[in-house]
Amino acid sequence: MAVDDLWYLRKRGPNDEKVKSKRYGRGKRWRCRYEDAGGNTRTRFFDRKADADAWDKKASSGTAEETQVDQSARRTTFFDYAERWRLSRQIGQALDYQRHIESRLRHHHYPHFGDRPIRAITVTDVLEWVARLLQNEVAQSSVKTYFDLLNNVMNSAMADKVIPDNPCKSIRLFAILRGFSRAPKWVPTDDDVLALVDVVPDEFLAAIWAGAGEGLRLGEVLGLEDSARCIDPDRQELHVVQQLRFHKAGYGGFYLAPPKAGSVGDVDLDDHVASVFAEHVRKYPPVLVELPDVTAGTPDPGKDPKRRLVPLLFTDEKGRPIHDQRWSDMWQTWRKAAGWPGEGTFHSLRHYFATRLITSGADPTDVQNALRHSSLRITLETYVHWWPKKDRRRNIISSALQDARAKRPTG
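Quick caveat: nothing in here was measured; it's all calculated off a predicted structure.

Asker: What is the right way to read the environment of Arg116 from this model?
Answerer: With respect to the element layout, Arg116 can be found in the loop between α4 (95-113) and α5 (123-135). Given the relative accessible area of 26%, Arg116 is considered partly exposed. Each C-alpha atom, one on Arg116 and one on Asp80, is 9.8 Å from the other, the two residues being 36 residues apart in sequence. With sequence-adjacent residues up to four places away left out, Arg116 is seen in contact with Thr76, Thr77, Phe78, Ile121 and Asp125. One polar contact links Arg116 to Asp125, side chain to side chain, over a distance of 3.1 Å.

Asker: Help me out: how do you make sense of the nonpolar core in this one?
Answerer: Nonpolar side chains tend to gather and get buried jointly when the protein is soluble and globular. Counting residues in hydrophobic clusters, the biggest one holds 44 residues, and the most contacted among them are Leu196, Leu224, Phe277, Phe314, Trp327, Trp331 and Leu349. Broken down by element, the residue count for this core peaks at six residues, all from helix α9 (residues 205-214).

Asker: Teacher, can you tell me more about the side chain of Glu225 here?
Answerer: Its place among the elements puts Glu225 in the loop between α10 (218-222) and β4 (231-232). Given the relative accessible area of 3%, Glu225 is considered buried. Not counting residues up to four positions away in its chain, the partners in contact with Glu225 are Cys230, Ile231, Gln242, Arg308, Val310, Pro311, Leu312 and Leu313.

Asker: I tried to follow the pattern of salt bridges on my own but got confused; where do I start?
Answerer: Where charged atoms of side chains with opposite charge meet at close range, the side chains can pair. Counting across every chain of the model gives 25 salt bridges. For Glu225, the salt bridge identified is with Arg229, shortest N-O distance 3.6 Å. Because the salt bridges share partners, they merge into one network encompassing Asp4, Arg10, Arg31 and Arg33.

Asker: Help me understand unusual backbone geometry, please; the structure alone is not making it clear to me.
Answerer: A negative phi angle is the norm for most residues apart from glycine, just as the trans form is the norm for most peptide bonds. Residues other than glycine seldom take positive phi values, yet Asp16 does so here, at roughly 65°. Mapped onto the elements of the fold, Asp16 is located in the loop between β1 (2-5) and β2 (30-35). Notably, Lys161 is not glycine yet its phi reads approximately 65°, a positive angle. For Lys161, the location among the structural elements is in the loop between α6 (140-159) and α7 (173-177).

Asker: Whenever I open this one, the UniProt feature "domain: Core-binding (CB)" (unreviewed entry) in the protein chain confuses me. Can you help?
Answerer: In this numbering, the UniProt entry assigns the feature "domain: Core-binding (CB)" (unreviewed entry) to residues 76-158. Helix makes up 75% of residues 76-158 and strand 0%, with an end-to-end C-alpha separation of 13 Å.

Asker: I would appreciate a short explanation of the confidence of the model for the protein chain in the present structure.
Answerer: Low-pLDDT stretches of the model should not have their predicted coordinates read in fine detail. The predicted model of the protein chain has a mean per-residue pLDDT of 87, with 92% of residues at 70 or higher. Of all the helices and strands in the protein chain, helix α2 (residues 71-75) carries the lowest mean pLDDT, 58, while α9 carries the highest, 97.

Asker: Looking at this structure, how should I read the sheet that holds strand β5 (residues 237-240)?
Answerer: Strand pairing in a sheet relies on backbone hydrogen bonds. The paired strands run either parallel or antiparallel. Taken in spatial order, the three strands line up as β4-β5-β8 in an open sheet, and their pairing is antiparallel. Two strands close off the open sheet at either side, each with one partner strand: β4 and β8 (265-268). Alignment of β4 against β5, held across two bridges, turns out to be antiparallel. Directly across from Asp232, in β5, lies its bridge partner Glu237.

Asker: Hey, could you run me through α4 in this one?
Answerer: In an α-helix, one turn spans 3.6 residues; hence positions three or four apart end up facing the same way. End to end, α4 covers 25 Å across 19 residues, agreeing with the expected 27 Å (1.5 Å per residue, within 8%). Of all bends in α4, the biggest is about 40°, found at Arg106. Every buried residue belonging to α4 is among Asp96, Gln98, Arg99, His100, Ile101, Leu105, His109, Tyr110, His112 and Phe113, and all of these are buried. Among the structural elements, α3 (78-88), α5, α6, β6 (243-247), α11 (248-251) and β7 (253-257) are those in contact with the buried residues of α4.

Asker: Even after reading the chapter, I still don't get the packing of aromatic side chains, so can you show me in this structure?
Answerer: Enumeration according to the criterion identifies 17 aromatic pairs in this entry. Seen from their ring centres, Tyr8 and Tyr24 are 5.5 Å apart, and the 70° between their planes marks the pair as edge-to-face. Residue Tyr8 is located in the loop between β1 and β2, and its partner Tyr24 is located in the loop between β1 and β2; the two are separated by 16 residues in the primary sequence. By relative accessible area, which is 19% here, Tyr8 ends up buried. A relative accessible area of 34% means that Tyr24 is categorised as partly exposed. Pairing Tyr251 with Tyr255 gives two aromatic rings, centres 4.1 Å apart and planes at 25°, and the pair type is stacked. Pair check on accessibility: Tyr251 and Tyr255 agree, each one buried. Positioned above the aromatic ring of Tyr8 is the side chain of Lys18, whose terminal nitrogen or guanidinium carbon lies 5.1 Å from the ring centre. A cation sits over an aromatic face here: Lys49 above Trp30, 5.9 Å from the ring centre.

Conventions adopted
Residues numbered from 1 in each chain as written. Predicted model: local features only at pLDDT ≥ 70, side-chain atom pairs only at ≥ 80, totals over all residues. Heavy atoms only, no water. Helix = DSSP H or I, 4+ residues; strand = E, 2+ residues; numbered from the N terminus. Buried < 20%, exposed > 50% of the residue type's maximum accessible area, 1.4 Å probe, protein only. Contact = heavy atoms within 4.5 Å. Polar contact = N/O pair within 3.5 Å; in protein donor to acceptor, adjacent residues only side chain to side chain. Core = buried A, V, L, I, M, F, W, Y, C linked by side-chain atoms within 4.5 Å. Salt bridge = Lys/Arg side-chain N within 4 Å of Asp/Glu carboxyl O. UniProt positions renumbered as here; feature names shortened; annotations may be inferred. pLDDT = per-residue confidence, 0-100. Pairing = 2+ DSSP bridges. Expected span 1.5 Å × (residues − 1). Bend = angle between axes of the 7 residues up to and from the residue. Phe/Tyr/Trp six-rings, centres within 6.5 Å; stacked < 30°, edge-to-face > 60°. Lys NZ or Arg CZ within 6 Å of the ring centre and 35° of its normal.

Below is the structure:
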């Protein structure tokens, strides 16, 4: 907001004197520019500078009638607006993507911002939220995903004139995350893994070996089926092509989806893991479960997903797929019995798998392929502390110069 003198130019003359404008002596002399409640730029003109300054002060403080936001807009909570935003953007979105958006808002945004008036959310509020995510050891990639979602909601709220500015705009998330390492907080040792194997019920031992011996994520393990589609002992390969997911509204419950982006791939099937799988199938015959399968792509809106009978390796006592919450409850019991720390999760078995490969001398690209990382950079940044340091060649330059000097003719 500003007050301008329309009768004189801002640029001074050669002797620093005021220069008259073309409007000198015509109309009101003082102009005040401001934004109304809708965020639109407005202009008022005044004969006296004192009146213009007084108006500018009222407009800046928001006490002028034209700048006062409707009380209903002031009371709009983040939850109210974010739900409207989410539902209005579902047209043409894949059901799986809709589920991700709803789940992220419900678990990571609404608990912190949901009841707050959206206009009252400040830069400091957002920074506190980011700090809390990092303190809770949320993966940096996930923090970025959640922050980007918040930024999108706030950008739309600003475009809709619900808020005057986006508090995310002033935050350089990259600079914040740069100070944090991708390295896992805790990685189990050989003894830790064996301690876990000793306490896990026999019907789930194959799942533990799939994590520790093949580096699979939990959803990928729970989605394993007894067929060459996933387990191919003849080729000594494990095909990671699917994971078990759950979405009550979209798919009526459990369904098969592609693995985490960029993670589809074939990995070597360890001989011992192959024998564990074979023994598991012998003792606990797979249960045929009819599941929607969207691994080949999400169906078009209005069309039902393809369904098929899947011989799942791991089911509960009633022959149903295992929900991740049910697994979490069982895991807590096993973790404590094995003496693992609180940060010991099923994903820790994947970290064990990776670091065991590294310390055994595996090439970085082989580790990347085994983990199915989208880039070698992710592998190196995550496990940089486990890579053995090579002996550096010393005295390279001085040795070269000394050899050259020795070869020079004398005399």
